[in-house]
Amino acid sequence: MTEPPDWMRPVDRDILAALERAQPEYVPLLANRLGLHLTYVERRFERLVEHDFVEPVSGEAVYRLTSRGESLLDAEREAE
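Report follows, based on the coordinates. (Residues numbered from 1 in each chain as written. Predicted model: local features only at pLDDT ≥ 70, side-chain atom pairs only at ≥ 80, totals over all residues. Heavy atoms only, no water.)

The next thing to look at is helix H1 (residues 10-21). Counted at 1.5 Å a residue, the expected span for H1 with its twelve residues is 16 Å, and the 17 Å between its end C-alpha atoms agrees. Buried residues of H1: Val11, Asp12, Ile15, Leu16, Ala17, Ala18 and Leu19, and no others. Of the surrounding secondary structure, the elements contacted by the buried residues of H1 are strand E1 (25-26), helix H2 (27-34), helix H3 (38-50), strand E2 (54-56), strand E3 (62-65) and helix H4 (67-79). (Helix = DSSP H or I, 4+ residues; strand = E, 2+ residues; numbered from the N terminus. Expected span 1.5 Å × (residues − 1). Buried < 20%, exposed > 50% of the residue type's maximum accessible area, 1.4 Å probe, protein only. Contact = heavy atoms within 4.5 Å.)

Shown next, in the form of structure tokens:
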């Protein structure tokens, strides 16, 4: 996978990169660190989960990267 899927937005990459640095992560804390509205970040997480880039760790909105999410970030680094 060399290019992100068409549905991805730049913030999705920011979310994946933040999770790569510190995971698992609680969505409200991540939204705060990124300076984004919580509801927007929650929607983006839903999309990332739907496509298997992140996965929930608990029932309290804590997530981590999946191997697919890690692969996307690695491919983007290689492309740069």
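Since the α-helix packs 3.6 residues into each turn, any two residues three or four apart lie on the same face. The complete set of buried residues in H2 reads Val27, Leu30 and Ala31. For H2, the angular spread of the buried residues around the axis is 100 degrees, confining them to a single face. Of the exposed residues in H2, the ones pointing more than 90 degrees away from its buried face are Asn32 and Arg33. Those residues of H2 hidden inside the fold are in contact with H1, E1, H3 and E3. Two residues or fewer past H2, Gly35 is found with a positive phi of approximately 70 degrees. (Arc of directions from axis to C-beta.)

Here we come to the pattern of salt bridges. Once their charged atoms are close, side chains differing in charge can pair, the charge on each being opposite to the other. By the definition in use, this model includes six salt bridges. Across the pair Asp12 and Arg44 runs a salt bridge, and its minimum N-O distance is 2.7 Å. Of this pair, Asp12 sits in helix H1 while Arg44 is found in helix H3, placing the two residues 32 residues apart along the sequence. The burial state of Asp12 is the same as that of Arg44; both residues are buried. Residue Arg13 is joined to Glu76 by a salt bridge in which the shortest nitrogen-to-oxygen separation is 2.7 Å. Here Glu76 lies in helix H4 and Arg13 lies in helix H1, a separation of 63 residues in the sequence. (Salt bridge = Lys/Arg side-chain N within 4 Å of Asp/Glu carboxyl O.)

Core analysis: the largest hydrophobic core is formed by 19 residues, its most contacted members being Ile15, Leu16, Phe45, Leu48 and Val54. Those elements that place two or more of their residues in this core are H1, H2, H3, E3 and H4. At five residues, H1 tops the list of elements feeding residues into this core. Excluding residues within four positions of it along the chain, Leu16 makes contact with Met8, Leu48, Phe53, Val54, Leu65, Leu72 and Leu73. (Core = buried A, V, L, I, M, F, W, Y, C linked by side-chain atoms within 4.5 Å.)

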